[in-house]
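# Summary of structural features
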Amino acid sequence: MTDDATPTPAPETAGGAPRLPEPAWWTSAVVYQIWPRSFADSDGDGVGDLGGIRQRLGHLHDLGVDVIWLSPIYRSPQADAGYDISDYDDIDPLFGTLDDFDALLAEVHALGMKLVMDLVVNHTSEEHPWFVESRSSLDSPRRDWYVWRDGGADGSLPTEWRSFFSGPAWALDEATGQYYLHMFATAQPDLNWENAEMRAEVHAMMNRWLDRGVDGFRMDVINFIAKDPASLEPGSPRFVMGERIHEHLQEMHREVFAHRPDRELITVGEMPGVTVDDAVLFTAADRGELDMVFQFEHVGLDSGPDSKFDNRPVELVPLKASLARWQDGLAERGWNSLYLGNHDQPRSVSRFGDDGEHRYEAATLLATVLHLHRGTPYVYQGDEIGMTNAGFTSIDQYRDIESLNWHAERLAAGDDPEALLEALRTRSRDNARTPVPWAGGAGAGFTTGTPWIDVAVGRPELTVEADRASSGRSVFEHYRRLIALRHESPVVALGAFELLAPDDDRLWAFTRTLGDEGLLVLANVSGEPYELDPALHPALRRRLVPQVVVTNAPGSTGLTLGPWEARVVRA
Ligand code: TEU
């Protein structure tokens, strides 16, 4: 988010043809997400840390990513794995010190990469001094920094809202007799963005991190910050996306980003429930809000009506239609971020692919399809070697507060324990939170101690070392090719997108076009061979052997796609 990210009005050239604005640097960039607890442990306490990240930077440099996003490393009681922050200006001792951080940042920059921090300002930890002061009395100067309400005279809660982590979204504070809002854990009270003093403190904190040298922010549930006061009344149908959200983001842009035109920064807002139309407003360069958002439509398709744990099979037709709608919706104004997994989602190869017989093909197919869309791709740690779901069989193996709260609530309600474990095996956030297995052996090259959570069960042979060494079948090598392709090929970064065969429930096919350049992407999303219809695209009709740009099945050039084969050809 810099002035060069904001297309300037196109000046007329001498010949009269308008010159296109320079695309922002992040249109050809790829981001890698590190979830620090499980990336690499340098001190043997079983928890990943900054030292571990520093030791593994070569891996990311080899992969070729441009930006590293770190999930929260700030001081935190770790009720929600660091998304409950008690000091925005310090590093949690679990992960290291500010000196370690500065050393990491310098090394990332020396390798030509950028570092983005997680910004969690919808809520703080209940241990943050702001909240300690806020709850201390009804007339505390910081009372209004959080969302406090009276309960009903009949003992009812201020509203019916439920927390994302089970139970009501309101907690009673005995000392003052009022309830505070917590959309997530009770230990994560929501900040009140109506309070200008609080907003100014957040802006100042962001400025301190940018002054320190970080290259931007991934903003946690940032569309939740604006609570419409009316929505906080009983019976309100409105959830948390209040109307002032755009005002808050524009103010943040003015106070934090706008006066740094010399910096190449990036902002991405995490936004559960955001629509395509909202996203245009959030990301259109001329509005000065965000560079891109994480939308949730495609990762909600397999959720049941009541809960994500009520899991449905993922179907290809709605999945590709959903991504295509976002491609079309943000084609002229705005920008997409592209992801299939992160620390809140199951492993993408287990969820959308095949984590058994065709794991290599499915992991590389999903990567190919995602990276050939228009937008900025995000690679979640471990996906670059095709890591699979955790495979846990006992509730004792789980650590995540969302999973544990949900399990306890459903068990108390009398649900079948085996069915609960099966739901967690499919949907728990811990599926994506197992240690990165760098090598074989007890601590999987992740730690010399006992890992804070078990290494994924059932695949001891799947390690970074083994994947990178497996010639011709390395998921890592495939990602590397895709990332390099985006860097060198404007049609991948900027080309127009068109979905082909939208109703086909096995073929995921689309084209990308920029000027005279065209690419055709063909992916067989099934374990059976797929016969391409030559009528699908002229490049196939001409029966020329089209030039293959990327494939996960070298040598396969005919009209038959093998199981989970993905092929990108010039067209
Ligand atoms: O997640 C927000 C969010 O709405 C969900 O993805 C949520 O984590 C849950 O899985 C819904 O079922 C963000 C962070 O990414 C997440 O790790 C935090 O727990 C959450 O905010 C609170 O900070």
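Since we're looking at a predicted model, the values are computed, not measured.

### Digging into unusual backbone geometry
Most peptide bonds adopt trans geometry, and most residues besides glycine take a negative phi value. Of note in this structure, V221 is not a glycine but carries a positive phi near 30 degrees. The topology assignment puts V221 in the loop between β9 (216-219) and α6 (245-257). With a phi angle near 55 degrees, W564 is a residue other than glycine that sits in the positive phi range. As for its placement among the helices and strands, W564 is situated in the loop between β19 (560-561) and β20 (566-570).

### Quick look at the side chain of R143
Along the chain, R143 falls in the loop between α4 (129-134) and β6 (148-149). Here R143 sits buried without a salt bridge, and the closest side chain of opposite charge, D173, lies 4.7 Å off (N-O distance).

### Here's the deal with the pattern of salt bridges
Under the defined criterion, the tally for this structure stands at 37 salt bridges. A salt bridge links R244 to E194; the nearest nitrogen and oxygen atoms lie 3.1 Å apart. With R244 in the loop between β9 and α6 and E194 in the loop between β8 (178-181) and α5 (196-212), this residue pair connects regions lying 50 residues apart in the sequence. D344 is the partner of R429 in a salt bridge, and the nearest nitrogen-oxygen pair spans 3.2 Å. Here D344 lies in the loop between β12 (337-338) and α9 (348-352) and R429 lies in the loop between α12 (417-427) and α13 (464-469), a separation of 85 residues in the sequence. Just as R429 is buried, D344 falls in that class too. Members of the salt-bridge network, linked through shared partners, are D80, K308, D344, D400, E402, R429 and R433.

### A few points about the nonpolar core
Counting 143 residues, the largest nonpolar core has F101, M206, F217 and W508 as the members making the most contacts within it. Other than its neighbours up to four places away in sequence, F217 contacts V116, M117, L119, M206, W209, L210, F257, I266, T267 and V268. V147, W161, W170 and M183 belong to the second-largest nonpolar core, a separate cluster that totals 14 residues.

### What to know about the packing of helix α11 (residues 401-412) against α12
Running from amino to carboxyl end, α11 crosses α12 at an angle of 160 degrees, the nearest separation of the two axes being 10 Å. Here α12 runs roughly antiparallel to α11, going by the angle between their axes. The element α11 and its partner α12 pack so that their crossing is right-handed. Side by side, α11 and α12 meet where S403, W406, H407, R410 and L411 of the first sit next to P417, L420, A423 and L424 of the second. Residue classes in the contact of α11 with α12 are distributed as 6 nonpolar, 2 polar and 1 charged.

### Topic: the pairing of β20
Taking burial as the measure, the 5 residues of β20 include 4 buried ones, the bulk of the element. Here strand β16 (residues 517-524) runs beside β20; their pairing, made up of 5 bridges, is antiparallel. Residue pairing in the sheet places V521 in a bridge with V568 of β20. Relative to β20, strand β18 (residues 548-551) runs antiparallel, the two sharing 3 bridges. By the bridge assignment, V550 is partnered in β20 with V568.

### Observations concerning the packing of aromatic side chains
Considering all chains together, one arrives at 25 aromatic pairs under this definition. Aromatic side chains W148 and Y180 sit 5.6 Å apart centroid to centroid with 75 degrees between the ring planes, which places their arrangement in the edge-to-face category. With a gap of 32 residues between them, W148 in strand β6 and Y180 in strand β8 connect regions that are remote in the sequence. Residue W148 shares its accessibility class with Y180, and that shared class is buried. By the ring-pair criterion, three or more aromatic residues cluster together here, those being Y74, Y88, F101, W130, W145 and W209. Residue placement shows R142 over the ring face of W145; its charged tip is 4.4 Å from the ring centre.

So, how was this worked out
- Residues numbered from 1 in each chain as written.
- Predicted model: local features only at pLDDT ≥ 70, side-chain atom pairs only at ≥ 80, totals over all residues.
- Heavy atoms only, no water.
- Helix = DSSP H or I, 4+ residues; strand = E, 2+ residues; numbered from the N terminus.
- Buried < 20%, exposed > 50% of the residue type's maximum accessible area, 1.4 Å probe, protein only.
- Lys, Arg positive; Asp, Glu negative; His and termini not counted.
- Salt bridge = Lys/Arg side-chain N within 4 Å of Asp/Glu carboxyl O.
- Core = buried A, V, L, I, M, F, W, Y, C linked by side-chain atoms within 4.5 Å.
- Contact = heavy atoms within 4.5 Å.
- Axes fitted to C-alpha atoms, helices over the stretch in contact; angles between N-to-C directions.
- Parallel < 35°, antiparallel > 145°, perpendicular 65-115°, else oblique.
- Left-handed = near helix turned anticlockwise from the far one by under 90°.
- Nonpolar A, V, L, I, M, F, W, Y, C, P; charged D, E, K, R; others polar.
- Pairing = 2+ DSSP bridges.
- Phe/Tyr/Trp six-rings, centres within 6.5 Å; stacked < 30°, edge-to-face > 60°.
- Lys NZ or Arg CZ within 6 Å of the ring centre and 35° of its normal.

In short, shape yes, function no, at least from these values alone.
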